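Descriptive analysis of the structure
In case you want the letters, here they are:
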Amino acid sequence: MSEIIYLTDVAVITCIVDKERTDAVLLAARDVGARGAIVHTAQGWGARERLGVWGVAVETEKDVIAFLVSSDQQELIFEAIYQAAELNAPGRGFMFISPVERAAAYVPEALRKQLHVNPE
Amino acid sequence: MSNAHDSANLSSDFPACKAIYCFLPDDGTDRRVLVELRGKKGIVRAGSSTCRGIGVLAEAKTKRGKLPESDLVKQVYVFCTEDQADEIFELIFWSAKVDKPGRGVMWQQSVTGCTPYGLPADIPDEDTGDHS
């Protein structure tokens, strides 16, 4: 059986932003080298409620975006996302980096040959 | 005695474990993996949810400054003990064929504590309808 090629030195950047900022965040991350993203839709309340018409609390819709990035790229991508999401403004959202012990995915043939692992 | 103090004691009772997250295509693989995990390894601290994914190696031509269309993908999350992590990771990897193109990505993270989880005893079997 072939062996699994584990990717190490990777991290997950998770960013919680308003839905309107999602595309800007994805584009900014892609422009600095992020190769993929996962987007979850989240609905609910934050620390404060915003009252709409009739004084009824408005449920905010946020997107939770996760990027699996290499450790050496994480600072660059983190900063790009921070700027694109305008997280320096109040109420825009927040983000964090969490360490990943190992990851696995499809590794193209050329790279496998280069690593001398599981050549087809 | 404060509730905060009780909670602190309680959380230290639960051992550290591993969280394994996989992002798989929306073709029923998630369900198959979950059934396999329960059947072969007895893993029930697991589930799947839906999200949008923009593929790492997806061939998509887009205009400059535009994003490719995202795909509907399934996130499978599994929590297991530290000593089970290797075999669970491998089982999911081979079962979901993550080594093939377009089959998603998976990763493992450390969790400082996790409560146990058990299923109620009177749930009928999905296929036979029998009560276990």
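For clarity, every value in this text was computed on a predicted model and none was experimentally measured.

Considerations on the environment of S71 of chain A
All names here are of chain A. Mapping S71 onto the fold places it in the loop between β5 (60-70) and α2 (74-85). Classification of S71 as partly exposed rests on a count of 13 C-beta atoms within 10 Å. Each C-alpha atom of the pair S71 and L27 lies 20 Å from the other, and the pair is 44 residues apart in sequence. Residues in contact with S71, not counting those within four places in the same chain, are D9, V10 and A11.

Section: the packing of helix α2 (residues 29-41) of chain B against helix α3 (residues 85-95) of chain B
Residues and elements named next belong to chain B. Running from amino to carboxyl end, α2 crosses α3 at an angle of 140°, the nearest separation of the two axes being 11 Å. By the angle class used here, α2 and α3 are oblique. Along this stretch, α2 crosses α3, giving a crossing that reads as right-handed. Together, V33, E36, L37, K40 and K41 of α2 and I88, L91, I92 and S95 of α3 make up the contact between the two elements.

Quick notes on the pairing of strand β3 (residues 71-81) of chain B
All names here are of chain B. In the sheet, strand β1 (residues 17-25) pairs with β3 via nine bridges, with the strands oriented antiparallel. The residue of β3 that forms the bridge with A19 is F79. Pairing analysis gives eight bridges linking strand β2 (residues 46-54) to β3, with the strands arranged antiparallel. Counted as the bridge partner of G47 is Y77 from β3.

Observations regarding the environment of E101 of chain A
Its place among the elements puts E101 of chain A in the loop between β6 (93-100) and β7 (102-105). A sequence separation of 91 residues divides E101 of chain A from V10 of chain A, and the C-alpha atoms of the two residues are 7.6 Å apart. Setting aside its immediate chain neighbours within four residues, E101 of chain A contacts Q108, Q109 and S110 of chain B.

Some remarks on the confidence of the model for chain B
In this model, chain B carries an average pLDDT of 86, and 85% of its residues clear a pLDDT of 70 or more. Two summary scores accompany this predicted model of the complex, namely pTM at 0.85 and ipTM at 0.82.

Overview of the interface of chain B and chain A
Chain B puts 25 residues into the contact, and the matching count from chain A is 21 residues. For the side of chain B that touches chain A, the elements supplying multiple residues, two or more each, are β2, α3 and β4 (105-111) of chain B. It is β4 of chain B that provides the largest number of residues to the side of chain B that touches chain A, a total of six residues. Taken together, the residues of the side of chain B that touches chain A break down into 12 nonpolar, eight polar and five charged. Bridge analysis of β7 of chain A against β4 of chain B gives four bridges, and the strand direction is antiparallel. Looking across to β4 of chain B, one finds that A103 of chain A is bridged to W107 of chain B.

Focus on the sheet that holds β2 of chain B
Taken in spatial order, the nine strands of this open sheet run β6(A)-β1(A)-β5(A)-β2(A)-β2(B)-β3(B)-β1(B)-β4(B)-β7(A), and their pairing is antiparallel. What marks the edges here is a single partner per strand, and that holds for β6 and β7 of chain A. Ignoring which end each strand starts from, the neighbouring axes of this sheet average 25° apart. Its contacts with the sheet put helix α1 (residues 22-31) of chain A on β1 (10-18), β2 (37-44) and β5 of chain A together with β2 of chain B, and the angle it makes with β5 of chain A is roughly 10°.

Criteria and cut-off values
Residues numbered from 1 in each chain as written. Chains lettered and ligands numbered in written order. Predicted model: local features only at pLDDT ≥ 70, side-chain atom pairs only at ≥ 80, totals over all residues. Helix = DSSP H or I, 4+ residues; strand = E, 2+ residues; numbered from the N terminus. Buried ≥ 20, exposed ≤ 12 C-beta atoms within 10 Å, placed from the backbone. Contact = placed C-beta atoms within 7 Å. Axes fitted to C-alpha atoms, helices over the stretch in contact; angles between N-to-C directions. Parallel < 35°, antiparallel > 145°, perpendicular 65-115°, else oblique. Left-handed = near helix turned anticlockwise from the far one by under 90°. Pairing = 2+ DSSP bridges. pLDDT = per-residue confidence, 0-100. Nonpolar A, V, L, I, M, F, W, Y, C, P; charged D, E, K, R; others polar.

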